[in-house]
Amino acid sequence: MARSNVRHRRHPASSAAPSDATPGPSGDDQRPDAARHDVDASGLTVQGHPAWPDIPTGQGELFFECTLFLYSVLALFLQYLNLYKTLWWLPKSYWHYSMKLHLINPYLLSCVGLLLGIRVTRCFWNTISFVFATLLGAGWPRWMNVAAVVAEYGVIKTPLFCLVVSSFFFSFGRVYHDFPSKTLLYFGYAVFAFSVTFTHEAAQRFGLILGLLRRHIFNHSVLHRLELLLTAIGKESQLVDLEMVTHMCSENPGTIREEVDILYNDFYHRVKHCIFVGVSTAYFSIFVPCVFTPEKTQSGMPQEMLVDYVWVAQLAVVVACTTFSLYVAYLFPLHYCDLLHRSAWHLGHWQPFDDPKALAVLRAEPPTEWSPERPLFRHGDVCAVDGHRRFIRAVAARRDDAPHSAPGVAADPHSAAHRFFQKFAADCTRLPTFLCCFQLALIAFQFWLLLLTTDFIQIATLVLLAFTNYLLLAKAFKDRVVISRIYRPSAEDLQLIEQLKAGG
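All of these numbers come straight from a predicted model, not from anything done at the bench.

A.B. asks: Residues and numbers for a nonpolar patch on the surface, please.
C.D. replies: Together, Leu87, Trp88, Trp89, Leu90, Tyr94 and Trp95 give the surface a local cluster of nonpolar side chains, amounting to about 730 Å² of exposed area. With respect to the helices and strands, the residue Trp95 is situated in the loop between helix H1 (61–83) and helix H2 (106–116). Among the residues examined, Trp95 registers a relative accessible area of 38% and is labelled partly exposed.

A.B. asks: Hey, could you go over the nonpolar core for me, with residue numbers and the actual values?
C.D. replies: Soluble globular proteins tend to bury their nonpolar side chains together. If you look at the biggest cluster of nonpolar residues, it comprises 94 residues, and the most contacted ones within it are Leu108, Phe284, Phe292, Val319, Phe332, Trp350 and Phe421. Considering each element in turn, this core owes the most residues, 14 residues, to helix H8 (residues 253–291). Val319 has contacts with Tyr71, Ala75, Thr281, Ala282, Ser285, Ile286 and Leu465, leaving out every residue within four places of it along the chain.

A.B. asks: Outline the packing of aromatic side chains, listing residues and values.
C.D. replies: When we look at a pair of aromatic rings, we describe it by the centre distance and by the angle of the planes. Scanning the entire structure with this criterion turns up 28 aromatic pairs. Their ring planes at 55 degrees and their centres at 5.9 Å tell us that Phe194 and Phe276 sit as a pair that is tilted. Taken together, the residues Phe194 in helix H5 (residues 180–197) and Phe276 in helix H8 connect sequence positions 82 residues apart. Ring geometry for Phe267 versus Phe332: centroids 5.5 Å apart, planes at 70 degrees, classification edge-to-face. Linking Phe267 in helix H8 with Phe332 in the loop between helix H9 (309–331) and helix H10 (334–347), this pair joins segments that are 65 residues apart in sequence. According to the relative accessible area criterion, Phe267 is buried, its value standing at 10%. Grouping aromatic residues by their ring pairs yields a cluster made of Phe168, Phe169, Phe172, Phe179, Tyr186, Phe187, Tyr189, Tyr283, Phe284, Phe287 and Phe292.

A.B. asks: Explain the pattern of salt bridges to me, using residue names and the numbers behind them.
C.D. replies: Considering all chains together, one arrives at 7 salt bridges under this definition. Measuring nitrogen to oxygen at the nearest pair gives 3.6 Å for the salt bridge that ties Glu65 to Arg119. Taken together, the residues Glu65 in helix H1 and Arg119 in helix H3 (residues 118–136) connect sequence positions 54 residues apart. Like Arg119, Glu65 is buried. For the salt bridge of Asp455 with Lys85, the shortest nitrogen-to-oxygen distance reads 3.9 Å. One end of the pair, Asp455, is in the loop between helix H13 (430–452) and helix H14 (456–487); the other, Lys85, is in the loop between H1 and H2, and 370 residues separate them in sequence. Residue Asp455 is classed as partly exposed on the basis of its relative accessible area, which comes to 23%. According to the relative accessible area criterion, Lys85 is partly exposed, its value standing at 29%.

Reading the values: the criteria
- Starting from 1, residues in each chain are numbered consecutively following that chain's sequence as written.
- Residues qualify for local features only when their pLDDT is at least 70, as the model is predicted, and side-chain atom pairs are given and counted only at 80 or more; totals for whole chains, interfaces and linings, by contrast, use all residues.
- The side-chain values count all of the structure's non-hydrogen atoms but skip hydrogen atoms and water molecules.
- Patch definition: residues with relative accessible area over 30% and no salt bridge; like charges joined within 9 Å; nonpolar side chains (Val, Leu, Ile, Met, Phe, Trp, Tyr) joined within 5 Å.
- Methods summary: accessible areas were calculated by the Shrake-Rupley approach with a probe of 1.4 Å, and residue burial reflects only the protein chains presented.
- Salt bridges are defined by distance alone: a side-chain nitrogen of Lys or Arg within 4 Å of a carboxyl oxygen of Asp or Glu.
- Every helix listed is a DSSP run of H or I at least four residues long, and every strand listed is a run of E at least two residues long, numbered separately from the N terminus.
- The cut-offs for exposure are 20% and 50% of the maximum accessible area for each residue type, with area from a 1.4 Å probe on protein chains only; residues under the lower value are buried, those over the upper are exposed, and the others partly exposed.
- Joining through side-chain atoms within 4.5 Å is the link that ties buried Ala, Val, Leu, Ile, Met, Phe, Trp, Tyr and Cys residues into a set, and such a set is a nonpolar core.
- The contact criterion used is simple: two residues touch if any of their non-hydrogen atoms lie within 4.5 Å.
- In summary, the pairing rule links any two rings of Phe, Tyr or Trp, Trp by its six-membered ring, whose centres are within 6.5 Å, and it sorts them by plane angle into stacked for under 30 degrees, edge-to-face for over 60 and tilted for everything else.

Encoded structure:
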């Protein structure tokens, strides 16, 4: 990220858009005839982008992971309630509890709970590291720094690590004793899916493990080289830190394309995280409890539980889609949508030239072949690609409230990633609109399931899980309204902005 014009800098809350007031790293002069120049109340010149207001960043990582963990635990509890429910409310029922507790395997419950909470544990671990790193950098005396390190590793981190790892392996061993083949198959499938989906992150984790082995147990040059290789591979999966990154306007096409490539890869990794978290949460909280049902009675007689797999599949879809939406709302905040849109505004796109009369003229006097070394193409410029077999026309991005288009077009006409990025990020309201429509469809699906079911436990399950979708719909609709009023202000909004500028 240090090489591109996505600069690592904190976004000041006091200025409207300080990132756009600075030229890009290319040092090219800005072109006043091709881009709009507005002056906000602070006197800063903003090129082509609206002033971004001081919007709160929202919930922190630890709070969000705790919220997601509570939702997954709620889904797990409701699934166990559906599997082991009793008829305790009937007048002649022999059951005095709502669940058949003697059939529940506590070791399986421990394994699933620890796996669902692994992100919370990692986030808590990182928070402890950040807090102690801040304390160690405060200029304390040497003995206080030593005491802080002892407290960090001896009092908090080491007991926490030993407690979590020992609890998981002890519970996993007991589950393996009861279900040897199923345990290896279904838990091994989850590890395999993670390794395939997140190859770079798996390499990063294996690199950390090799580093610990090399430093504390066995120091060898081969381990050191393998650690460096895995660490280099793992760096490709790191997400962009939104608190340390801001967009810098540039008229260097190579710099613009590099920024777009970085943001496109980051967008791809974020979507992959959202999908994997949604599927894995539904897998462990809904599917795994159905697989590891008791196969024998307490006296050793074989038994089989009848499971409504249609209902299980419906519940898994609801949990997976809701968890996916939660992660989308967290990983794609408003200022990230703004960052994507600003890069797409500078990127532009190409249109194929299909006018027969114009094509005849172009073939008689063919234009210059497209080259990545050329400067920005102006809006309407025509160039040839694929050895003058095709002709394309540059189309610069344009905003509804701006009288001029972007400075030019920097997109690579051969890049499918650039075409997708420009189509998706050109409309800054597309992602909040998608989330709103997705939540409306999911709420309608849950309401349809409510109409079909007559089971009291299933009704309670759908009603409790639907509250999260209502909150997500409200948040997505609010984000849609906010970002729409920033990029597509009404006449009243423009009048209010002018009044604020005049009053300032």
